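Below, each chain spelled out in residue letters.
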Amino acid sequence: MGQTVDKERLIALLEPTVAALGYELADIDAHLGRRGLLRLFIDRQGGVTLDDCQRVSEQVGAFLDVEDPLSGSYVLEVSSPGFDRRLRTLAHFERFNGEPARIELKDARDGRRNLSGRLVGVESGLVLLEVEGEVWRVPVNDIAVARLAPS
C-alpha cells in the first residue's frame, strides 16, 4: 500500500531549490511505498532540455538526501510538463489564457465533474473556462486536476 504524501508541503519544500536553479516547479507526482516514485515537472521560458532535467535531478537529489523528507525508497525523475501540462496555480491559468483546457472538479457541479473548453481568464481566485459558449467560474480549490488540451 502506498503512503500518503502532503503534495503542497513537498512542493513548498522543493520549490526554492528548483527556483534557485532558474526553473519553475510546475507540479509533482509522488507515489511512495514498495515501488516509490517522485516525479518533478519543471519548466522555464524557452522550454526544458534533457540537460536541464539532469541538472535539477542532481541538485534536488542531493537536497533530498540531506533533508530526508520522505520515508522509504523511491526513484526521483525530473521531466518537462509536456504539451498537456497540468495547471496547478492561478498563475498557470493566467499564463495559458486563451488555450484549450480540461478540468476535473473535486465534486460534481450542475451534474458535471469534467469540463473541456477554453481558458478565458482568472478573477478573484476563480478560473474562467468557456464551455460550449457558457463561462464557468471555478474556484481553484475546487479543481482536482486541470490540464492543457492541445488540439
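Rules used in this analysis
Residues numbered from 1 in each chain as written. Predicted model: local features only at pLDDT ≥ 70, side-chain atom pairs only at ≥ 80, totals over all residues. Heavy atoms only, no water. Helix = DSSP H or I, 4+ residues; strand = E, 2+ residues; numbered from the N terminus. Buried < 20%, exposed > 50% of the residue type's maximum accessible area, 1.4 Å probe, protein only. Contact = heavy atoms within 4.5 Å. Areas by Shrake-Rupley, 256 points an atom, 1.4 Å probe, with all protein chains shown as cover. Lys, Arg positive; Asp, Glu negative; His and termini not counted. Charge placed at Lys NZ, Arg CZ, Asp CG, Glu CD. 1 Å grid on protein atoms, 1.4 Å probe; cavity = no way out; pocket = protein on both sides within 12 Å on 5 of 7 lines; lining within 4 Å. Points joined across faces, edges and corners; volume = space filled by probe spheres on them. Nonpolar A, V, L, I, M, F, W, Y, C, P; charged D, E, K, R; others polar. Pairing = 2+ DSSP bridges.

1. Points about the overall build of the protein chain
Point 1. Regarding its fold elements, the protein chain presents 3 helices and 8 strands.
Point 2. Secondary structure elements of the protein chain, listed N to C terminal, follow the sequence α-β-β-α-β-α-β-β-β-β-β.
Point 3. Summarising its shape, the C-alpha atoms of the protein chain cover approximately 50 × 40 × 30 Å along the three principal directions.
Point 4. Relative to its full complement of 151 residues, the protein chain shows a buried share of 36%.
Point 5. Sequence-distant contacts, at least 24 apart, represent 54% of the contacts inside the protein chain between residues at least 6 apart.
Point 6. Counting only carbon and sulfur atoms, one obtains 46% of the accessible surface of the protein chain, whose full area is about 8800 Å².
Point 7. Looking at charge distribution, the protein chain has the averaged site of its 19 positive side-chain charges lying 3 Å from that of its 25 negative ones.

2. Points about the layout of surface pockets
Point 1. Estimates place the volume of the largest pocket at around 460 Å³.
Point 2. Together, 22 residues line the largest pocket, and Lys7, Glu8, Asp27, Arg88 and Ala144 are the ones closest to its centre.
Point 3. For the lining of the largest pocket, the elements supplying multiple residues, two or more each, are helix H1 (7-20), strand E1 (24-31) and strand E8 (143-148).
Point 4. It is E1 that provides the largest number of residues to the lining of the largest pocket, a total of 5 residues.
Point 5. When the residues that make up the lining of the largest pocket are grouped by side-chain class, the tally is 10 nonpolar, 5 polar and 7 charged.

3. Re the pairing of strand E7 (residues 134-139)
Point 1. Two strands pair when backbone bridges link them, and strand E6 (residues 126-131) and E7 are joined in this way by 6 bridges, in the antiparallel orientation. Looking at E7, one finds that Val127 is bridged to Val138.

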